[in-house]
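This is what each chain is made of:
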Amino acid sequence: MSRKAARRIFWAACLLLCLAGFLVSLLTGPVRTTPGDLIRFVGSPDAVRSAIFLDLRLSRAVLAFLVGAALALSGAVLQGYFRNPMADPFVVGVSSGASLGAVVAAALGFEAAAFGFSGPGLLAFLSGLGIVSLVYALSLRRGGFKVETILLTGIAAGALASALTSFFLFMRSDSYDQAVFWLLGSFQLAEWGQAATIAPWVALCLVAAVWLARDMDLLALGDETAQALGCPVRRVRKAFLAMSALLAALAVAVSGVIGFVGLVVPHWVRILIGPAHRPLFLASALAGGTFLLYCDLLARNLLAAELPIGVITAAVGAPFFLYLLHKKR
Amino acid sequence: MKLGGQRNGDMSRRSVSPILSVIVAALVFLVPAYLLPGHQERRHVPAGHVPFPSAAAVAQDITDDLGRPFTRPGRAPERIVSMAPNVTEILFAIGLGGRVAGVTRFCDYPPEARRLPRIGGLVDPNIEIVRSLDPDLVIAFRGNPLRLVERIGKLGLPVFVLDIGAGLEDLPPLVARIGRITGTEARAGELAAELRDRIQAVDAALKGTASRPKVFVMLYGQGLWTCGGESYLDDVIARAGGTNVASALPKKWALYKRERIIRDDPDIVFILTRSTADFEAGRAWLAGMAGIGAVSAVRSGRVYGLDEDAASRFGPRLVDVLDRMAALLHPERFGGEP
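Residues numbered from 1 in each chain as written. Chains lettered and ligands numbered in written order. Predicted model: local features only at pLDDT ≥ 70, side-chain atom pairs only at ≥ 80, totals over all residues. Heavy atoms only, no water.

1. Remarks on the packing of helix α3 (residues 47-82) of chain A against helix α11 (residues 233-255) of chain A
All names here are of chain A.
- The contact between α3 and α11 brings their axes to 9 Å, and the two run at 150°. Taken together, α3 and α11 sit at an angle that is classed as roughly antiparallel. In this structure, the crossing between α3 and α11 has a hand that is left-handed. Together, L63, V67, A70, L71, L73, S74, V77, L78 and Y81 of α3 and R237, F240, L241, S244, L247, A248, A251, V254 and S255 of α11 make up the contact between the two elements.
- Partitioned by chemical class, the residues of the contact of α3 with α11 number 14 nonpolar, 3 polar and 1 charged. (Axes fitted to C-alpha atoms, helices over the stretch in contact; angles between N-to-C directions. Helix = DSSP H or I, 4+ residues; strand = E, 2+ residues; numbered from the N terminus. Parallel < 35°, antiparallel > 145°, perpendicular 65-115°, else oblique. Left-handed = near helix turned anticlockwise from the far one by under 90°. Contact = heavy atoms within 4.5 Å. Nonpolar A, V, L, I, M, F, W, Y, C, P; charged D, E, K, R; others polar.)

Below, the structure written as structure tokens:
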């Protein structure tokens, strides 16, 4: 099969799966609903069905899709940025930093909601971006800017943030449900306000990433080569780092830390459609959103009680990832 | 290309970290989202507060235990969702059993409550199921995750959140408040008065007792899990004429140390269990621990069972626990061993 045909199949399959995912999300849940119910609801909406279909299920599906797209795009950007397939939002410390902010806010009872975020969500967002700034500043101070330095600084800062998070959780053992939410993620509390808050940013970052994708292709040849070919390396690098940090911080702020999406989705996509960054960014966003949509379906329907979504993303993502890697060899 | 050049020119002027600029930009650009009508509504109308336009609406406002105003519906609620077992017990006790539309899976008392639709557990109630029951009143408890309760309020359902009491004196007012929000003041007032009388009767019976036996309470199956000074059971023990040995622990519930029990030497041990078999197993487990056999309570055989559900739910049956505890601690005042 030609690469072009393979790409077409990939896009068609992704779109189809995505639409099917939204439909299934609307129809499944602890309250039994049939397609007939949905059709009747469209004909004559009532308060209960409206709340269940639109306010609870659709808002949740949309938020899951947006967060999945944000995480996968952030991961795709970082993997290109570091020229390292192990990179994901955890590596630069965004996720750990954001969860630290959330847990501190929860432990201190910081509830002031703003910008569509809860109090902990807002602090998660700010501390996620804060820790990346810190990592970046520390890396710069060591004379010049090296990818290895920022990678290692990020890992160290992330580890420190994780340790502090555990400390706060240990001190406040009564906020267990909050702890699970921030450490493993959930869309149980999804609402339209959150989707409306992050949607413009995810869209903006996607457009920017696609726009700068050619420069990312050049970076893959090495910074010197890219510079020689006319790529403003430092500026492009800054823009990509800021973009990936923003995406990951937004995701954590509304849904807690959801692992694996940022790591595996770009890999799947790269295996399926190749390494060119423009289609890679677009496809990662679509595939990431679709993947998380299905993971959330499992999280809320697999058992009577809701599972943290981080459990599902890892359990589903890892084996599939291994399979694809193996097949590639 | 022209656009690209503009972008580069713009970026080269920056000297601060681009990520810091992103933070600033994010705050600036997030403001419009914040000003969306939906957000404003969410900000200014606390969850659970549902304005009733009806002229029949009672003007009298009540505040729930989170300090949020709650406007009482014009007519008594017909479909109540109870999010905690103690709330369910109180609702049934004031004759509202027929109007309860949903309960948690832990709501097993009175037995009729078991037949009602389940909304999930205490910490994992399902929002969708709550909404599908179409309640006109949701009574939540502080044991429910606050964020989940707020999400339910944002669906437009009237949510009233009750806090756990610090001591028995908070129980009659809790019953009375549930009566007020459900429009059953008379029946709830009677129950509140009855509970108050029974608590006072124990106080009166124990007036002037010189001894205050040392009490150790153990929740069977959780190691030496006991109630600390912040638990309402600490207050129940004090009112029953005893002294909780774990009273100094600044917690509601905590794991106690075996050495401390030996040092404290309690005169009487209460084991919270759900069945006689569990009680026997708990007593054997405790007596079998090294060093515990020498403790006064074990030596004298003053190890008794208490109904775990009655003791761990802040509801009417807590007064039964008080009666039993007082009679066991001071049999001389209550006409011999019960």
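2. Considerations on the packing of helix α7 (residues 171-182) of chain B against helix α8 (residues 185-205) of chain B
All names here are of chain B.
- Running from N to C, α7 and α8 point in directions that differ by 175°, and their axes come no closer than 8 Å. On the basis of their axis angle, the class for α7 and α8 is roughly antiparallel. Between α7 and α8, the residues in contact are L171, P172, P173, V175, A176, G179 and R180 and E185, A188, L191, A192, L195, R196 and I199, respectively.
- Tallied by class, residues from the contact of α7 with α8 come to 10 nonpolar, 1 polar and 3 charged.

3. Concerning the domain arrangement of chain B
Residue and element names in this part refer to chain B.
- Per the domain assignment, the segments of chain B are domain 1 (42-204) and domain 2 (209-333).
- One C-alpha centre belongs to domain 1, the other to domain 2, and the line joining them spans 30 Å.
- The partner domain 2 presents 18 residues to the 24 residues of domain 1 that form the contact.
- In total, domain 1 and domain 2 occlude about 1900 Å² of area from one another, counting both sides; carbon and sulfur atoms represent 63% of this.
- The interface formed by domain 1 and domain 2 holds 7 salt bridges in total.
- Between R198 and D320 there is a salt bridge, and its shortest N-O distance comes to 2.7 Å.
- For the pair domain 1 and domain 2, the number of links is 9 residue pairs in polar contact (both at pLDDT 80 or more). (Domains from an automatic or database assignment. Buried area = accessible area lost by both parts, 1.4 Å probe. Salt bridge = Lys/Arg side-chain N within 4 Å of Asp/Glu carboxyl O. Polar contact = N/O pair within 3.5 Å; in protein donor to acceptor, adjacent residues only side chain to side chain.)

4. Description of the pattern of salt bridges
- Counted according to the given criterion, the structure contains 31 salt bridges over all chains.
- The salt bridge involving R49(A) is made with D46(A); its shortest N-O contact spans 3.4 Å.
- Of the residues examined, D46(A) reaches a relative accessible area of 31% and is grouped as partly exposed.
- The shortest N-O distance in the salt bridge between D264(B) and R263(B) comes to 3.1 Å.
- With a relative accessible area of 12%, D264(B) lands in the buried category.
- Through salt bridges with shared partners, one network takes in E89(B), D108(B), R274(B), D307(B), E308(B), D309(B), R313(B) and R317(B). (Buried < 20%, exposed > 50% of the residue type's maximum accessible area, 1.4 Å probe, protein only.)

5. So, helix α4 (residues 85-93) of chain B
- Summarising burial for α4(B): 8 of the 9 residues are buried, a large majority.
- Just downstream of α4(B), G95(B) is the residue with a positive phi angle, here 80°.

6. Some remarks on the packing of aromatic side chains
- Following the criterion strictly, the structure yields 11 aromatic pairs over all chains and no others.
- Relative to W11(A), the ring of F10(A) has its centre 5.9 Å away and its plane inclined at 80°; by these criteria the two rings are edge-to-face.
- For F10(A), a relative accessible area of 11% translates into the label buried.
- The partly exposed category is assigned to W11(A), whose relative accessible area is 27%.
- Between the aromatic rings of F270(B) and Y304(B), the centroid separation amounts to 6.3 Å while the plane-to-plane angle is 40°, which identifies the pairing as tilted. Here the residue F270(B) occupies a position in strand β11 (residues 268-273), and Y304(B) occupies one in strand β12 (residues 303-307), the gap between them amounting to 34 residues. When sorted by exposure, F270(B) lands in the same class as Y304(B), which is buried. (Phe/Tyr/Trp six-rings, centres within 6.5 Å; stacked < 30°, edge-to-face > 60°.)

7. Some points on empty space enclosed by the protein
- Taken as a whole and assessed by the stated rule, the structure comprises 2 cavities of 30 Å³ or more.
- Size it by volume and the largest cavity reaches roughly 150 Å³.
- Lining the largest cavity, in full, are P30(A), L56(A), R57(A), R60(A), F187(A), Q188(A), A190(A), R300(A), E306(A), N126(B), I127(B) and E128(B).
- Elements that contribute at least two residues to the lining of the largest cavity include exactly α3 of chain A together with α5 (127-132) of chain B.
- When residues in the lining of the largest cavity are grouped by element, the largest group, 3 residues, is from α3(A).
- Looking at the lining of the largest cavity residue by residue, the class counts come to 5 nonpolar, 2 polar and 5 charged. (1 Å grid on protein atoms, 1.4 Å probe; cavity = no way out; pocket = protein on both sides within 12 Å on 5 of 7 lines; lining within 4 Å. Points joined across faces, edges and corners; volume = space filled by probe spheres on them.)

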